[in-house]
Amino acid sequence: MQILISGAGIAGPALAYWLHRAGFTPTVVELAAAPRPGGQTVDLRGVAREVVERMGLLPQVLDRRMHERGMAYVRADGRRTAALPAEFLDGAGPVAEIEILRGDLSQLLLDATSTGIEYLYGDSVTALDQDADGVRVTFGSGIQRRFDLVVGADGVHSRVRKLAFGPESQYVQHLGGYGAFFTVRAPEALDGWMKIHSAPGGRWVGLRPDHDPQYAKALLSFRSPLLPRLGQADQKDLLTRTFAGTGWHTPYLLAEMREADDFYFDTTSRVVVPEWSRDRIVLVGDAGYCGSPLAGHGTALSLVGAYVLAGELATHNGDHARAFPAYQRELQAYVDQRTELPPGGVTAAMPMTATGIRLRDACTRLMTSRPLSRLLTRLAATQPDAITLKLSVER
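Source: prediction; values computed, not measured.

S.K.: Sorry, what's going on with the pattern of salt bridges here?
M.R.: Once their charged atoms are close, side chains differing in charge can pair, the charge on each being opposite to the other. Scanning the entire structure with this criterion turns up 14 salt bridges. The partner of Asp191 in a salt bridge is Arg69, with the nearest N and O atoms 2.6 Å apart. Separated by 122 residues along the polypeptide, Asp191 in the loop between strand E12 (172–185) and strand E13 (193–199) and Arg69 in the loop between helix H3 (58–64) and strand E4 (70–74) bring together distant segments of the chain. Judged by its relative accessible area of 55%, Asp191 is exposed.

This is how it looks when you write it as structure tokens:
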């Protein structure tokens, strides 16, 4: 069977790996002209780590992992106000035992699928026409090809979802925030800590370690209603205005942002699609289910979703009419669990007032105090991943 996968981030190559192993013939199309390096740090824990182990990639992941010590809130003068160490909740907190740059994980998946799998870079899906025997796909390059099945693994703003399911507004829920990410020369020694400075007005400035201690990953997030689509120059102008007057390293980061070659800007959004398939077209990862950066677990959902989808197609010998509903039944409880927003959502994460910031920091210190930390750790241990992986995706 010929299966087209749109998107070469995390979900796409992971799905291609398992489909190829199960005897299918996947093709991956990617809008970007080449693999995208860099990106923020993502974590591997629980059942997602098990998927990576089954791929034989865990040693390479461990070799490339970031040795982060935790997350700390800091004042404008750099003094720490509260911290969540990596060992908080036995590794179930915001910083996991295994953290890896998204670009590094993506490259490991691409390397694992470099043989026997066709990649089409610099192209995209522009039209989908289904019939009883397959899908005729029109690409931006003008080429048309037929596939038995098509998978949208192309993120929150999925083109496949738009073409086959309907407009983005039906499935993407804006949560009231925006975020930007880019690489800078580290303005201070982070010593393995992710550091966050919050300012009134729902503004959030962060630095996260890079492999090279000379560099850091910068994060600028702010609360806002949904804005019109902006070009990159206008996005940077908006950030400069929004963060004017913010302390800590903010002026330096805004200056460095202008020259950053890996700048990324997007909404803080949640994706909810009631049914993940339309006949021969199906969604995986952020295209079909995403809890936003507030919920986290996006990488885990992509890896586990790819494994389950490939497994159900293998189990049902490529019969999508049975495999796609089985994929959703198998994965739905895990998706519901891992897309649930934390209490307070963006309001709690990015307070609007100085009093709100102090209250959040005080709550953080309380959570990490010895008696409450032990209780929370026991509670976290009673909530394992809501899925048990089947043994194989082989046919």
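S.K.: Please explain the packing of helix H2 (residues 46–54) against helix H9 (residues 298–315) as it appears in this structure.
M.R.: If you want to describe how two helices pack, look at the angle between their axes and the distance between the axes. Following both chains from N to C, one finds H2 and H9 inclined at 55°, their axes separated by 9 Å at the closest point. Our classification of the angle between H2 and H9 gives oblique. The two elements H2 and H9 meet at a crossing, and its hand is left-handed. On H9, the residues that touch Val47, Ala48, Val51, Val52 and Arg54 of H2 are Ala300, Leu303, Val304 and Tyr307.

S.K.: Please explain helix H6 (residues 232–242) as it appears in this structure.
M.R.: Each α-helix turn comprises 3.6 residues. Residues three or four places apart therefore point the same way. Restricting attention to buried positions, one finds in H6 the residues Gln235, Lys236, Leu238 and Leu239. Seen end-on, H6 carries its buried residues on one side only, within an arc spanning 155°. For H6, the exposed residues lying more than 90 degrees away from the buried face are Ala233 and Arg241. The inward-facing, buried residues of H6 contact E12, strand E15 (215–223), helix H7 (250–257) and strand E16 (264–272).

S.K.: Just checking my understanding: could you explain the pairing of strand E11 (residues 149–152) for this structure?
M.R.: Of the two faces of E11, the one holding Leu149 and Val151 and the one holding Val150 and Gly152 are both buried throughout. Examined bridge by bridge, strand E1 (residues 2–6) and E11 share four bridges and lie parallel to one another. Bridge pairing in E11 places Ser6 opposite Gly152. In the sheet, E11 pairs with strand E18 (residues 281–283) via three bridges, with the strands oriented parallel. Bridge pairing links Val150 to Ile281 in E18.

S.K.: Could you clarify how one ought to interpret the layout of surface pockets in this entry?
M.R.: Gaps left between atoms show up when a probe the size of a water molecule is rolled over them. Volume-wise, the second largest pocket comes out at about 260 Å³. Arg75, Thr81, Ile357, Arg358 and Asp361 are, among the 16 residues lining the second largest pocket, the residues nearest its centre. Where the lining of the second largest pocket is concerned, the elements lending two or more residues are E4, E13 and helix H12 (354–367). At six residues, the largest contribution of residues to the lining of the second largest pocket is made by H12. Taken together, the residues that form the lining of the second largest pocket break down as eight nonpolar, three polar and five charged.

S.K.: What is the right way to look at the pairing of strand E5 (residues 80–85) in this model?
M.R.: It is a general feature of regular strands that their side chains alternate between the two faces of the sheet. As paired elements, E4 and E5 share five bridges and run antiparallel to each other. Directly across from Val74, in E5, lies its bridge partner Arg80. Hairpin connection between E4 and E5: a loop of five residues separates the two successive antiparallel strands, and Gly78 in this loop has a positive phi of roughly 90°.

S.K.: So what exactly am I meant to see when it comes to the nonpolar core here?
M.R.: The nonpolar side chains of a soluble globular protein tend to be buried with one another. In terms of nonpolar packing, the biggest core is built from 80 residues, with Val304 and Leu331 touching the most fellow members. Residue contributions to this core peak at 11 residues, all from H9. Dropping the residues within four chain positions of it, Leu331 is found in contact with Trp276, Tyr289, Val304, Gly305, Val308 and Ile387. Of all hydrophobic cores here, the second largest spans 22 residues; its members include Val74, Tyr178, Leu190 and Ala260.

S.K.: I'm lost on the sheet that holds E13 in this one. Help?
M.R.: Pairing between the strands of a sheet comes from backbone hydrogen bonds, and it takes one of two forms, parallel or antiparallel. Here we have eight strands laid out as an open sheet, ordered E5-E4-E13-E14-E15-E12-E16-E19, and mixed in their pairing. Every interior strand has two partners, whereas the edge strands, E5 and strand E19 (289–290), have only one. Strands E4, E5, E13 and strand E14 (203–209) of the sheet are contacted by H12, whose axis makes an angle of about 45° with E5.

S.K.: What is the right way to look at the sheet that holds E11 in this model?
M.R.: Strands sit in the order E7-E2-E1-E11-E18-E17 across an open sheet of six strands; the sheet is mixed. At either end of the open sheet lies a strand with only one pairing partner, and these are strand E7 (118–121) and strand E17 (277–278). Pairing analysis gives two bridges linking E17 to E18, with the strands arranged antiparallel. Bridge assignment links Ser277 to a residue of E18, and that residue is Val282. Most of the contacts of helix H10 (residues 320–338) go to E18, to which it runs at about 15°, and overall it touches E11, E17 and E18.

S.K.: How should the packing of aromatic side chains be read in this particular structure?
M.R.: Each aromatic ring pair is characterised by the separation of its centres together with the angle its planes make. The final tally for this structure, using the stated rule, is 11 aromatic pairs. On the basis of an interplanar angle of 90° and a centroid distance of 4.9 Å, the ring pair of Tyr17 and Trp18 is categorised as edge-to-face. Each member of the pair, Tyr17 as well as Trp18, is classed as buried. Ring centres of Trp18 and Tyr307 lie 4.8 Å apart, and the angle between their planes is 90°; this geometry places the pair in the edge-to-face category. Here Trp18 is found in helix H1 (residues 11–21), whereas its partner Tyr307 is found in helix H9, with 289 residues between them in sequence. There is no split in this pair, since Trp18 and Tyr307 are both buried. Residue placement shows Lys236 over the ring face of Phe263; its charged tip is 5.1 Å from the ring centre. Arg360 extends its terminal NZ or CZ atom over the ring of Tyr73, reaching a point 3.7 Å from the ring centre.

Definitions and cut-offs
Residues numbered from 1 in each chain as written. Predicted model: local features only at pLDDT ≥ 70, side-chain atom pairs only at ≥ 80, totals over all residues. Heavy atoms only, no water. Salt bridge = Lys/Arg side-chain N within 4 Å of Asp/Glu carboxyl O. Helix = DSSP H or I, 4+ residues; strand = E, 2+ residues; numbered from the N terminus. Buried < 20%, exposed > 50% of the residue type's maximum accessible area, 1.4 Å probe, protein only. Axes fitted to C-alpha atoms, helices over the stretch in contact; angles between N-to-C directions. Parallel < 35°, antiparallel > 145°, perpendicular 65-115°, else oblique. Left-handed = near helix turned anticlockwise from the far one by under 90°. Contact = heavy atoms within 4.5 Å. Arc of directions from axis to C-beta. Pairing = 2+ DSSP bridges. 1 Å grid on protein atoms, 1.4 Å probe; cavity = no way out; pocket = protein on both sides within 12 Å on 5 of 7 lines; lining within 4 Å. Points joined across faces, edges and corners; volume = space filled by probe spheres on them. Nonpolar A, V, L, I, M, F, W, Y, C, P; charged D, E, K, R; others polar. Core = buried A, V, L, I, M, F, W, Y, C linked by side-chain atoms within 4.5 Å. Phe/Tyr/Trp six-rings, centres within 6.5 Å; stacked < 30°, edge-to-face > 60°. Lys NZ or Arg CZ within 6 Å of the ring centre and 35° of its normal.

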